[in-house]
Amino acid sequence: MTAELMIGTDLAAEMVTNAAARAAKLRESTGIQPCLATVLVGDDPASATYVRMKQNRSKKAGIGSRSVVLPASTTTDELVAELTNLSNDPEVHGILLQHPVPSHIDERAAFEAINPAKDVDGVTMHAFAAMAFGEPGFRSCTPGGIMRLLEAYDVPIRGAHAVVIGRSPILGKPAGMLLLASDATVTYTHSRTTNLPEIVRTADIVVAAVGKANFVRGDWLKPGAVVVDAGYNEGNVGDVHFEEASEVARLITPVPGGVGPMTIALLLEQTVDAAEAQSETAVHPVAGLA
Ligand SMILES: Nc1nc2c(c(=O)[nH]1)N[C@@H](CN(C=O)c1ccc(C(=O)N[C@@H](CCC(=O)O)C(=O)O)cc1)CN2
């Protein structure tokens, strides 16, 4: 079997085009310019690249961006203060704190300083609860992007056995919650799971979010499985051994070109969602329309 590719690039481009049109409409009708603030702490080159990609794509979509870059020595209190300022700034509609932050920072405390109305990256406990309960709200961008890809490729989720490999707060955990809310039977696995290949072999849908290049091998997969590779390891290498897996799977996301572009597209879409929602509650900035 040679798997069909679940390509994220085209779907993501379509999402960005729609977000750009909505941003332009909001600007014309209210004078409000949707704006995403990105916060980068430290000098990790990969994180700097991802933030730059987010800013460049925002710009192309006519979404304003505000860039905050803080030194690696930033304390939790300083970061919380910065995020609180952005949360209170009426010209900022969405806030993204790039993960990971330096290890001395309490990342959870920092995420929780983001106003849930501006949490367009879906990292707060408020967003997690909405995902867990299947309620409307901002989605963590990679898990939300994965769900959109599965829908676009008509992957049956209800009743399917989904195995999530990885339990990080912005990837594995919310991915499992979104699948569960769509009536999948979800098994979470992680670095301490014993007999991992045997468990993965029972999956109809595999979400690999473990952060180890080529970790999931072809002989771990049930023939015909749907494989989502959420890995973004150095050199654009995924968590799934692509050549082996594509001989066994029915559908598979490539790296690059699969989940990655969906992550950024959903971030932009949710920034416009946030700006629209905030425009309804704000005092109207266009003279005469207040
Ligand atoms: N606050 C967050 N931090 C991080 C997130 C996140 O969603 N929110 N995700 C990851 C990495 N990430 C975004 O930050 C990310 C990684 C990769 C891509 C991507 O589009 N990759 C391309 C290939 C790269 C390229 O084109 O040069 C692809 O897969 O096609 C997007 C976002 C960590 N931190």
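Residues numbered from 1 in each chain as written. Predicted model: local features only at pLDDT ≥ 70, side-chain atom pairs only at ≥ 80, totals over all residues. Heavy atoms only, no water.

### Observations concerning the overall build of the chain
And then number 1: For the chain, the count of helices and strands is ten helices and nine strands.
And then number 2: Taken over C-alpha atoms, the radius of gyration comes to 19 Å for the chain, in line with the 19 Å a tight globule of 290 residues would show.
And then number 3: Principal axes of the C-alpha set define a box for the chain whose edges measure 65 × 40 × 35 Å.
And then number 4: With 290 residues in all, the chain has 50% of them scored as buried.
And then number 5: Considering only contacts within the chain whose residues lie at least 6 apart along the sequence, 71% involve residues at least 24 apart.
And then number 6: For the chain, the exposed area adds up to about 13,100 Å²; of that, 54% sits on carbon and sulfur atoms.
And then number 7: Separation between the mean location of the 22 positive side-chain charges and that of the 33 negative ones in the chain comes to 1 Å. (Helix = DSSP H or I, 4+ residues; strand = E, 2+ residues; numbered from the N terminus. Rg over C-alpha atoms; globule rule 2.2 N^0.38 Å. Buried < 20%, exposed > 50% of the residue type's maximum accessible area, 1.4 Å probe, protein only. Contact = heavy atoms within 4.5 Å. Areas by Shrake-Rupley, 256 points an atom, 1.4 Å probe, with all protein chains shown as cover. Lys, Arg positive; Asp, Glu negative; His and termini not counted. Charge placed at Lys NZ, Arg CZ, Asp CG, Glu CD.)

### Overview of the domain arrangement of the chain
And then number 1: We note that the domain assignment places domain 1 (30-115) and domain 2 (140-260) within the chain.
And then number 2: Each of domain 1 and domain 2 was reduced to a C-alpha centroid, and the two centroids are 28 Å apart. (Domains from an automatic or database assignment.)

### Looking at the site of the ligand
And then number 1: Taken together, 18 residues lie near the ligand, and Lys54, Leu97, Gln98, Asp121 and Gly257 sit nearest.
And then number 2: With respect to the ligand, the side chain of glutamine 98 contributes an N or O atom lying 2.9 Å from an oxygen atom.
And then number 3: Between the ligand and proline 261 there is a distance of 3.5 Å, counted from an oxygen atom to a backbone nitrogen or oxygen.
And then number 4: For the ligand, whose free accessible area comes to 680 Å², the fraction covered by protein is 84%.
And then number 5: If you list the elements that add at least two residues to the shell around the ligand, you get α2 (45-60), β4 (94-97) and α10 (259-281).
And then number 6: In terms of residues, the shell around the ligand owes the most to one element, α10, which gives four residues.
And then number 7: A domain-level breakdown of the shell around the ligand finds at least three residues from each of domain 1 (30-115) and domain 2 (140-260). (Near = heavy atom within 4 Å. Polar contact = N/O pair within 3.5 Å; in protein donor to acceptor, adjacent residues only side chain to side chain.)

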